[in-house]
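Working through the structure, step by step
Residue strings, one per chain:
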Amino acid sequence: MNDKHEQLIADYLQGTLTDKQTNELESLIESGAIDFIDFKAIEHLHDELEVLPVPAPSPEMRNRFYEMLADEQEKQKQTSGFDFKEFIQKMLHQITGPKLAYAFVLLIIGGFIGSTIGNNNDQLEQLSGELESMRQMMMISMLEGPSASDRLRAVNISSQLAETDDRAIRALLFTLNNDPSENVRIQTIEALARWGNQDVVREGLIKSITRQESDLVIVALADVMVELGLQQAAGEFEKLKNERELTGSTQTKIDNTIAVLL
Amino acid sequence: MMKVKDGQLDKLGLLYERYSSSLYGFFYRKTKQPQLSEDLVQSVFERMLKYRDTYTGDGSFTTWMFSIARNAHIDHYRKQKRLREDEILDEERIQGEDPSGLGEQDLRAQRKQILEQAIDSLDEDKKEVVILSRFEGLRYQEIADIQGVSESAVKVRMFRAMKELKQTVTTLTNEYSNE
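Keep in mind the model is a prediction, meaning the values are calculated, not measured.

**Considerations on the overall build of chain A**
Per the secondary structure count, chain A includes 14 helices and zero strands. The helix and strand sequence of chain A, counted from the amino end, reads α-α-α-α-α-α-α-α-α-α-α-α-α-α. Residues counted as buried form 34% of the 262 residues belonging to chain A. For chain A, the share of sequence-separated contacts (at least 6 apart) that also reach a separation of at least 24 residues comes to 62%. Approximately 16,200 Å² of chain A is accessible, and the part contributed by carbon and sulfur atoms is 54%.

**Some points on the overall build of chain B**
Of regular secondary structure, chain B possesses nine helices and zero strands. For chain B, the α and β elements follow one another from N to C terminus as α-α-α-α-α-α-α-α-α. When burial is assessed residue by residue, chain B has 52% of its 179 residues classed as buried. If you take every contact in chain B between residues at least 6 apart in sequence, the share linking residues at least 24 apart comes to 65%. A total accessible area of about 8,900 Å² is found for chain B, and carbon and sulfur atoms account for 45% of it.

**Here we look at helix α1 (residues 3-14) of chain A**
All names here are of chain A. In a regular helix each residue adds 1.5 Å, so 12 residues correspond to 16 Å; α1 covers 17 Å between its end C-alpha atoms and thus fits that length. Inspection of α1 places His-5, Glu-6, Leu-8, Ile-9, Ala-10, Asp-11 and Leu-13 among the buried residues, and these make up the whole buried set. The N-cap of α1, judged by a side-chain oxygen 3.0 Å from the amide nitrogen of Lys-4 a few residues on, is Asn-2. Once α1 ends, the next one or two residues include Gly-15, with phi positive near 75°.

**Description of unusual backbone geometry**
Although it is not a glycine, Lys-32 of chain B sits at a positive phi angle of roughly 60°. With respect to the helices and strands, Lys-32 of chain B occurs in the loop between α2 (11-31) and α3 (34-50).

**Some thoughts on the pattern of salt bridges**
Under the counting rule described, the total for this entry stands at 25 salt bridges over all chains. Asp-223 of chain A is the partner of Lys-253 of chain A in a salt bridge, and the nearest nitrogen-oxygen pair spans 2.6 Å. Note that Lys-253 of chain A is positioned in helix α14 (residues 248-261) and Asp-223 of chain A in helix α12 (residues 215-228), a separation of 30 residues in sequence. Lys-253 of chain A gets classed as partly exposed once you look at its relative accessible area, which sits at 26%. For Glu-124 of chain B, the salt bridge goes to Lys-127 of chain B, with nearest N and O atoms at 3.6 Å. Within this pair, Glu-124 of chain B and its partner Lys-127 of chain B are both found in helix α7 (residues 124-135), separated by three residues, close to a single helical turn. Classification of Glu-124 of chain B as partly exposed rests on a relative accessible area of 28%. In the salt-bridge network here, residues are joined through shared partners; they are Lys-30, Arg-70, Glu-124, Asp-125, Lys-127, Glu-128 and Arg-157 of chain B.

**Some remarks on the packing of helix α13 (residues 233-243) of chain A against α14 of chain A**
All names here are of chain A. Their axes nearest at 9 Å, the elements α13 and α14 cross at an angle of 155°. Relative to α14, the element α13 lies roughly antiparallel. In the packing of α13 onto α14, the handedness of the crossing is left-handed. Note on element contacts: α14 touches α13 through Gln-251, Ile-254, Asp-255, Thr-257, Ile-258 and Leu-261, opposite Ala-233, Ala-234, Phe-237, Glu-238, Leu-240 and Lys-241. The class makeup of the residues in the contact of α13 with α14 is seven nonpolar, two polar and three charged.

**As for the interface of chain B and chain A**
In this assembly, 45 residues from chain B lie in contact with 40 residues from chain A. Taken over both partners, the interface formed by chain B and chain A buries close to 4,100 Å², and the fraction arising from carbon and sulfur atoms is 62%. At the surface where chain B touches chain A, the tally comes to seven salt bridges. For the interface between chain B and chain A, the tally reads 21 residue pairs in polar contact (both at pLDDT 80 or more). Of all the secondary structure elements, the ones that give two or more residues to the side of chain B that touches chain A are α2, α3, α6 (107-120), α7 and α9 (151-178) of chain B. In terms of residue count, the dominant contributor to the side of chain B that touches chain A is α9 of chain B (11 residues). Residues belonging to the side of chain B that touches chain A are distributed by class as follows: 20 nonpolar, eight polar and 17 charged.

**Notes on the packing of aromatic side chains**
The relative placement of two aromatic rings is captured by the distance of their centres and the angle of their planes. Following the criterion strictly, the structure yields 11 aromatic pairs over all chains and no others. Pairing Phe-26 of chain B with Phe-66 of chain B gives two aromatic rings, centres 5.1 Å apart and planes at 65°, and the pair type is edge-to-face. Here Phe-26 of chain B is found in helix α2, whereas its partner Phe-66 of chain B is found in helix α4 (residues 61-79), with 40 residues between them in sequence. Under the relative-accessibility criterion, Phe-66 of chain B is labelled buried at 1%. Arg-194 of chain A extends its terminal NZ or CZ atom over the ring of Trp-195 of chain A, reaching a point 5.0 Å from the ring centre.

**Brief notes about the confidence of the model for chain A**
Within chain A, residue pLDDT values average 81, and 86% of them lie at 70 or more. Predicted confidence in chain A is weakest over helix α5 (residues 84-94) of chain A, with a mean pLDDT of 62, and strongest over helix α11 (residues 199-208) of chain A, with 91.

Calculation rules
Residues numbered from 1 in each chain as written. Chains lettered and ligands numbered in written order. Predicted model: local features only at pLDDT ≥ 70, side-chain atom pairs only at ≥ 80, totals over all residues. Heavy atoms only, no water. Helix = DSSP H or I, 4+ residues; strand = E, 2+ residues; numbered from the N terminus. Buried < 20%, exposed > 50% of the residue type's maximum accessible area, 1.4 Å probe, protein only. Contact = heavy atoms within 4.5 Å. Areas by Shrake-Rupley, 256 points an atom, 1.4 Å probe, with all protein chains shown as cover. Expected span 1.5 Å × (residues − 1). Polar contact = N/O pair within 3.5 Å; in protein donor to acceptor, adjacent residues only side chain to side chain. Salt bridge = Lys/Arg side-chain N within 4 Å of Asp/Glu carboxyl O. Axes fitted to C-alpha atoms, helices over the stretch in contact; angles between N-to-C directions. Parallel < 35°, antiparallel > 145°, perpendicular 65-115°, else oblique. Left-handed = near helix turned anticlockwise from the far one by under 90°. Nonpolar A, V, L, I, M, F, W, Y, C, P; charged D, E, K, R; others polar. Buried area = accessible area lost by both parts, 1.4 Å probe. Phe/Tyr/Trp six-rings, centres within 6.5 Å; stacked < 30°, edge-to-face > 60°. Lys NZ or Arg CZ within 6 Å of the ring centre and 35° of its normal. pLDDT = per-residue confidence, 0-100.

Structure, rendered in structure tokens:
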């Protein structure tokens, strides 16, 4: 068998033979230039390799990656200096006639609103409240989006809110229980923990324990339960242990959490 | 990856979710060591960040990623000066698997064991071609780019690897059935 025949069989194994090559291979087999029994044995073995399993990596692998990524992002933030000269040059470059006119109109409107509102603190507070409310609406709408990174951003926005309402909390709890992304769910736990003084959040977090499939999310919930001192969570963790098969490290984590909570 | 290159590092998380299992499988099939495979996956993503500026987006991302993976694997053994470790580990593993217990295993488990030993017995280049082609679904041209050889050479390697596997599997099957 020569190199060309070998390449033909390799292409056959990958399923990339053209019609012409298929005919060529059939002719070679018919003529005996390629041994049919050998060829079938190789094909069978190639198919059989599919049964070889690869064990799943440990949850620590994912943790390590996200820790490394967070470090790198932190470094990026620290090193990205602000070049004032470059900023001014960029701004000047971007200024056009219509933009100038638009800015002027905005200035007039701003001046008018400013003079009308004056130093009225109530109105300023009202404006600030409206801004907060808009931010909450934006967060809720982003949480419903299809992109995991947008949903992560939404969860991060929630952690910037000075206060939050029932609707935002319900959206976060819904995300915690239903979001397909493990990372989003973990970030949501941290965001909800900020509102841990509210009964609805505490109850929602506890109820979520038995709904979670991912060990990483369960571990994150365990940490929050300890942080918030939610003793009622111990019962839910016991239930989880009885209902589900958990990995060794998660099992240990839960046992430790129960011990701390009780 | 272009977004990561542009500074949106959070996008690397999406690449991780998509490709980490594949990379882990690649390393595990090469080394049979779970912890080392995890370390090497981490190393690949660290290198992706470190060398993100070198990514041009011209070729496929998978090719670029597996090229980094391949280098990470080679560097690991060079740094540790343990180029022969594969052979030693193979010997240990084969010794560790009690042949006397094979009679109690079902035939399917025994067959898997034989197939794994046969793949381990291939030289690194051939093993890599089988892993990338059969398990990771890469095309021969992509593997050729990763290994720095021609596509024809990869096809020949694939065929010869399969032929060697067939012979080793036959030998091992006979050995086990004689025990």
